[in-house]
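This is what each chain is made of:
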Amino acid sequence: MKLQLKLAFYNTLTKVVIITIMAGLILVSINRISVHHIQQRLLHKKSKLISNLSSMEINDLLTQQGTFTDYNLLKEEYIILKRGPAHLIKPKQYFRQGNRTIEGSDEEYQILIAEFTYKGKNYLLELGETTSTLGQLEHTISMYTFFILLASIILTSVTDLAFTGFLLAPFYKIIDQKLNKVNDPISFNYEGIKTTTEDFRILDQSISSLMKKMADMFSREKEFIANVSHELLTPITILSTRLENLLNDEKLSAAGETKIFACLKTLTRLKSIINSLLLISKVENNQYDKLHTISVKEVVDEVYEEMEDRLVTMDLKFTIDLQEDHAFKGNRYLFHTLLMNIVNNAIKYNRHSGSVSINGNHANGQFMLTVRDSGQGMLLNQVKNAFQRFEKFQSKKEDSYGLGLSIAQSIASFHHLELDIQSEKGKGTQVNIIFPK
Amino acid sequence: MKILIVEDEKNLALEMTEFFRKEGYSIENAWKKSSAEDKIAENTYDFILLDLGLPGGDGFELLHQLKKLKGREDAVIILTARGDVEDRIKGLEAGADDYLPKPFSLTELLARMHAIIRRKHNLKMNEVNVHGFILDIRNHEVSFNQQRLSLTAKEFEIFNYLVLNKNRVISRINLTEHVWGDILEINADSNYVDVHVKNLRKKLSVFAPNEWFETVRSIGYRINVGG
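Residues numbered from 1 in each chain as written. Chains lettered and ligands numbered in written order. Predicted model: local features only at pLDDT ≥ 70, side-chain atom pairs only at ≥ 80, totals over all residues. Heavy atoms only, no water.

### Structural notes on the overall build of chain B
Here's step 1: Helix and strand counts for chain B come out as eight helices and 14 strands.
Here's step 2: Taking 17 Å as the expected radius of gyration for a compact globule of 227 residues, we find that chain B reaches 19 Å, a close match to that expectation.
Here's step 3: Each of the 227 residues in chain B was classed as buried or not, and the buried ones make up 54%.
Here's step 4: In chain B, once contacts between residues fewer than 6 apart in sequence are set aside, the share between residues at least 24 apart is 55%.
Here's step 5: Counting only carbon and sulfur atoms, one obtains 48% of the accessible surface of chain B, whose full area is about 10100 Å².
Here's step 6: In chain B, 32 side chains carry a positive charge and 35 a negative one; their mean positions are 4 Å apart. (Helix = DSSP H or I, 4+ residues; strand = E, 2+ residues; numbered from the N terminus. Rg over C-alpha atoms; globule rule 2.2 N^0.38 Å. Buried < 20%, exposed > 50% of the residue type's maximum accessible area, 1.4 Å probe, protein only. Contact = heavy atoms within 4.5 Å. Areas by Shrake-Rupley, 256 points an atom, 1.4 Å probe, with all protein chains shown as cover. Lys, Arg positive; Asp, Glu negative; His and termini not counted. Charge placed at Lys NZ, Arg CZ, Asp CG, Glu CD.)

Dropping the structure here:
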């Protein structure tokens, strides 16, 4: 979920909770305040009634004993007066909530019950005031609250979304331009993204300084590679030329000659390993351009031509099935090397009179080039380690350094190609080169 | 034949000097850019073997200076540890005749020099006689008593390289590198070359005995030419 949506969602949720709690509190307190007010009014009425009492009035009220003695037109209030108990030690006075039916209409009342003595006689007074208006008020408030809640949710969700969008725009811009679209630190754009938010500015600066460090490391690595090339390859040249000169000596014994050739062979091996490692480093250090438009078919044909004699030597049946060509931007020399390495493996680890086939086809919008051989195949754990440098389980030959597939792998990732190896021990190996969409 | 070796690594320069002196060439050395400039200005050479990374400047600058001089036909071979494809193209575009990445073998360098000589001087040198077999280097053909042998391109290249380095043992790995080029470890397997040599010998033996085409133990091959 995007940060913007999360923030908007969180804001809306907290608002809903706060408004709901507030509405609940308001409802409860309104209820309490109203009840309190009613009780105060009833007490006031009671004292007013008692102070204004006359014997006539009492008799008038008592004649209608058992019924609702007096009430106003809307039945909002009523008075009942009864004779009280004969002996009144301490007059009782209390409130209660209850239902009363006055002329067939049942309503809820807040009721004050009070005992008093008038001219030596005890009376029981009941004063009631309806609370149904209170219920209506509560209902109305609830309705209002609900509508306010709904409106505020909609309104604030929209504004929150818009505001967080505005607020986070520099953040997304940083992510997009400084992280997503950056392929290598060399071509990084150090210009800051405009923002008034301090945190984003810090983020932007941190990414920039990190990239600067990486770019420094990249260029240092480049320098290192150049140094290694020179400092290692030059002494090898000195050694090999010196050994070659030794071979010119006519007094050299056959054993000496053999040893010198063995030394030269070792030097060739050393040279080959250094060159392979340098190639991998240079590829990973982005020292090659990708300016060529490469036709896969052309490169496949070239590789076939170069490998033809090896195929003949091993008596291998070779088939190329490239119904459609695929063109992509890349480095032709590197792609050629990649394919040479894979096809070379397919030949080298094949059986005599076996087969090698190269197929290309489009599937799901992606082009896939498959090199399949009928060779020795590999076990599952060997396949997993196939791209490891110096891994040479397939071969016990001393002429393999286990760098061929590492080279292939680094060239493939340089071109955003996916290499997929499927192999079955004793049946053969299939290498898929999957091109990006 | 006069050669100028522009190489700051003295050990290497001296080994090259020794090798080419034995081949009968006359050698001069320059250890840095300025002395190379002086020598080039004063003398003409058949070959200038040029290292790119020199004290006092880049070998490319030297090449540009040489190309500005009029009437010069000095052949230039760039020898460098900078093995980039881009450098190779840059060197050839700047007018170098060939480009050999370090480490190289002296026999390979010699073969490249022969190829340049043949290209430059369109002479009879294009035909070489080895025990009655005539190598027509220009057309990549071999004949015996006017009869053409049908050799593959690789068989011809192997024959030619061994003839160029006659009386010298050429290891299989050296031969492989020459014929197939240096494509990393792909060519570490030198068994393929044996097959080609076997076929080549078979084709030669149809016309004449070829005991002069020698297999030297497990090392490699040698073509012996008397004298």
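This is not the end of the story, as more comes after the structure.
### Digging into the overall build of chain A
Here's step 1: A count of helices and strands for chain A gives nine helices and 12 strands.
Here's step 2: Here the C-alpha atoms of chain A give a radius of gyration of 48 Å, more than 25% beyond the 22 Å that 2.2 N^0.38 yields for 437 residues.
Here's step 3: Here the C-alpha coordinates of chain A stretch approximately 160 × 45 × 40 Å along the principal axes.
Here's step 4: Contacts spanning at least 24 positions in sequence make up 67% of the contacts within chain A whose residues lie at least 6 apart.
Here's step 5: Element-wise, carbon and sulfur atoms account for 59% of the exposed surface of chain A, whose accessible area totals about 24900 Å².
Here's step 6: Averaging the positions of the 50 positive and the 48 negative side-chain charges in chain A gives two centres separated by 7 Å.

### Some remarks on the domain arrangement of chain A
Residues and elements named next belong to chain A.
Here's step 1: Splitting chain A by domain gives domain 1 (3-136), domain 2 (213-284) and domain 3 (292-434).
Here's step 2: Contact with domain 2, which involves 10 residues of that partner, is made by 14 residues of domain 3.
Here's step 3: Taken together, both faces of the contact between domain 2 and domain 3 bury some 1100 Å²; the carbon and sulfur share is 70%.
Here's step 4: Together, Arg269, Ile280 and Val283 form the three largest contributors to the area buried by domain 2 at its contact with domain 3, with a combined 48%.
Here's step 5: Summed over the shared surface of domain 2 and domain 3, the number is zero salt bridges.
Here's step 6: Counting across the interface, domain 2 meets domain 3 through zero residue pairs in polar contact (both at pLDDT 80 or more).
Here's step 7: Per-class residue counts for the side of domain 2 that touches domain 3 are five nonpolar, two polar and three charged. (Domains from an automatic or database assignment. Buried area = accessible area lost by both parts, 1.4 Å probe. Salt bridge = Lys/Arg side-chain N within 4 Å of Asp/Glu carboxyl O. Polar contact = N/O pair within 3.5 Å; in protein donor to acceptor, adjacent residues only side chain to side chain. Nonpolar A, V, L, I, M, F, W, Y, C, P; charged D, E, K, R; others polar.)

### Remarks on the domain arrangement of chain B
Residue and element names in this part refer to chain B.
Here's step 1: Domains assigned within chain B are domain 1 (2-120) and domain 2 (124-223).
Here's step 2: Here the C-alpha centroids of domain 1 and domain 2 sit 27 Å apart.
Here's step 3: Taken residue by residue, the interface counts 10 residues in domain 1 and 11 residues in domain 2.
Here's step 4: The largest share of the area that domain 1 buries against domain 2 comes from Thr107, Glu108 and Arg118, three residues that together contribute 57% of it.
Here's step 5: Joining domain 1 to domain 2, the criterion identifies one salt bridge.
Here's step 6: Linking Arg168 and Glu23 is a salt bridge whose minimum nitrogen-to-oxygen distance equals 2.8 Å.
Here's step 7: On inspection of domain 1 and its partner domain 2, the count reaches five residue pairs in polar contact (both at pLDDT 80 or more).
Here's step 8: By residue number, the principal contributor to the side of domain 1 that touches domain 2 is helix α5 (residues 106-120), which donates seven residues.
Here's step 9: For the side of domain 1 that touches domain 2, a count of residues per class yields four nonpolar, three polar and three charged.

### Let's talk about the packing of helix α4 (residues 198-247) of chain A against helix α5 (residues 254-284) of chain A
When two helices pack together, their arrangement is given by the angle between their axes and by how far apart the axes lie.
All names here are of chain A.
Here's step 1: Between α4 and α5, whose axes approach to 10 Å, the crossing angle comes to 165 degrees. Our classification of the angle between α4 and α5 gives roughly antiparallel. The two elements α4 and α5 cross, and the hand of that crossing is left-handed.
Here's step 2: Per-class residue counts for the contact of α4 with α5 are 18 nonpolar, four polar and six charged. (Axes fitted to C-alpha atoms, helices over the stretch in contact; angles between N-to-C directions. Parallel < 35°, antiparallel > 145°, perpendicular 65-115°, else oblique. Left-handed = near helix turned anticlockwise from the far one by under 90°.)

### Let's talk about the environment of Glu157 of chain B
Here's step 1: In this fold, Glu157 of chain B is placed in helix α6 (residues 153-164).
Here's step 2: Residues contacting Glu157 of chain B, with those up to four places away along its chain left out, are His140, His178 and Val179 of chain B.

### Looking at the interface of chain B and chain A
Here's step 1: Facing the 39 residues of chain B at the interface are 47 residues of chain A.
Here's step 2: Summed over both partners, the interface of chain B with chain A comes to about 4000 Å²; 54% of that surface belongs to carbon and sulfur atoms.
Here's step 3: The interface formed by chain B and chain A holds three salt bridges in total.
Here's step 4: Sorting the residues of the side of chain B that touches chain A by element identifies α1 (10-22), α4 (85-93), α5, α7 (172-180) and α8 (191-205) of chain B as the ones contributing at least two each.
Here's step 5: For the side of chain B that touches chain A, the element with the highest residue contribution is α1 of chain B, accounting for six residues.

### Quick notes on a negative patch on the surface
Residue and element names in this part refer to chain A.
Here's step 1: Where like charges cluster on the molecular surface, the negative patch consists of Asp301, Glu305, Glu308 and Asp325.
Here's step 2: Within the secondary structure, Asp301 sits in helix α6 (residues 296-313).
Here's step 3: According to the relative accessible area criterion, Asp301 is partly exposed, its value standing at 32%. (Patch = residues over 30% accessible without salt bridge, like charges linked within 9 Å, V, L, I, M, F, W, Y side chains within 5 Å.)

### Considerations on the sheet that holds strand β12 (residues 170-171) of chain B
All names here are of chain B.
Here's step 1: In spatial order, the strands read β12-β14-β13; together these three strands make up an open sheet with antiparallel pairing. Where the open sheet ends on each side, the last strands, each with one partner, are β12 and β13 (213-216).
Here's step 2: By the bridge criterion, two bridges tie β12 to strand β14 (residues 220-223) in an arrangement that is antiparallel. Residue pairing in the sheet places Ser171 in a bridge with Gly220 of β14. (Pairing = 2+ DSSP bridges.)

### Brief notes about the nonpolar core
Here's step 1: The biggest cluster of nonpolar side chains holds 48 residues, and the ones touching the most others in it are Phe335, Ile347, Leu369 and Phe435 of chain A.
Here's step 2: If you tally residues by element for this core, the top one is helix α7 (residues 332-348) of chain A, at nine residues.
Here's step 3: If near-sequence neighbours (up to four positions away) are discounted, Phe335 of chain A is found in contact with Ile294, Val296, Val299, Phe328, Ile411, His415, Leu417 and Phe435 of chain A.
Here's step 4: If you look at the next biggest cluster of nonpolar residues, it comprises 29 residues, including Leu135, Leu162, Leu164 and Val179 of chain B. (Core = buried A, V, L, I, M, F, W, Y, C linked by side-chain atoms within 4.5 Å.)

### Concerning the pattern of salt bridges
Residues and elements named next belong to chain A.
Here's step 1: This structure, assessed with the given rule, holds 27 salt bridges over all chains.
Here's step 2: A salt bridge links Lys15 to Asp160; the nearest nitrogen and oxygen atoms lie 3.4 Å apart. Of this pair, Lys15 sits in helix α1 (residues 3-51) while Asp160 is found in helix α3 (residues 132-180), placing the two residues 145 residues apart along the sequence.
Here's step 3: Owing to a relative accessible area of 28%, Lys15 belongs among the partly exposed residues under this scheme.
Here's step 4: Note that Arg41 and Glu129 form a salt bridge whose closest N and O atoms lie 2.6 Å from each other. Of the two residues, Arg41 sits in helix α1 while Glu129 sits in strand β5 (residues 121-130), which places them 88 residues apart along the sequence.
Here's step 5: Among the residues examined, Arg41 registers a relative accessible area of 40% and is labelled partly exposed.
Here's step 6: For Glu129, a relative accessible area of 9% gives the class buried.

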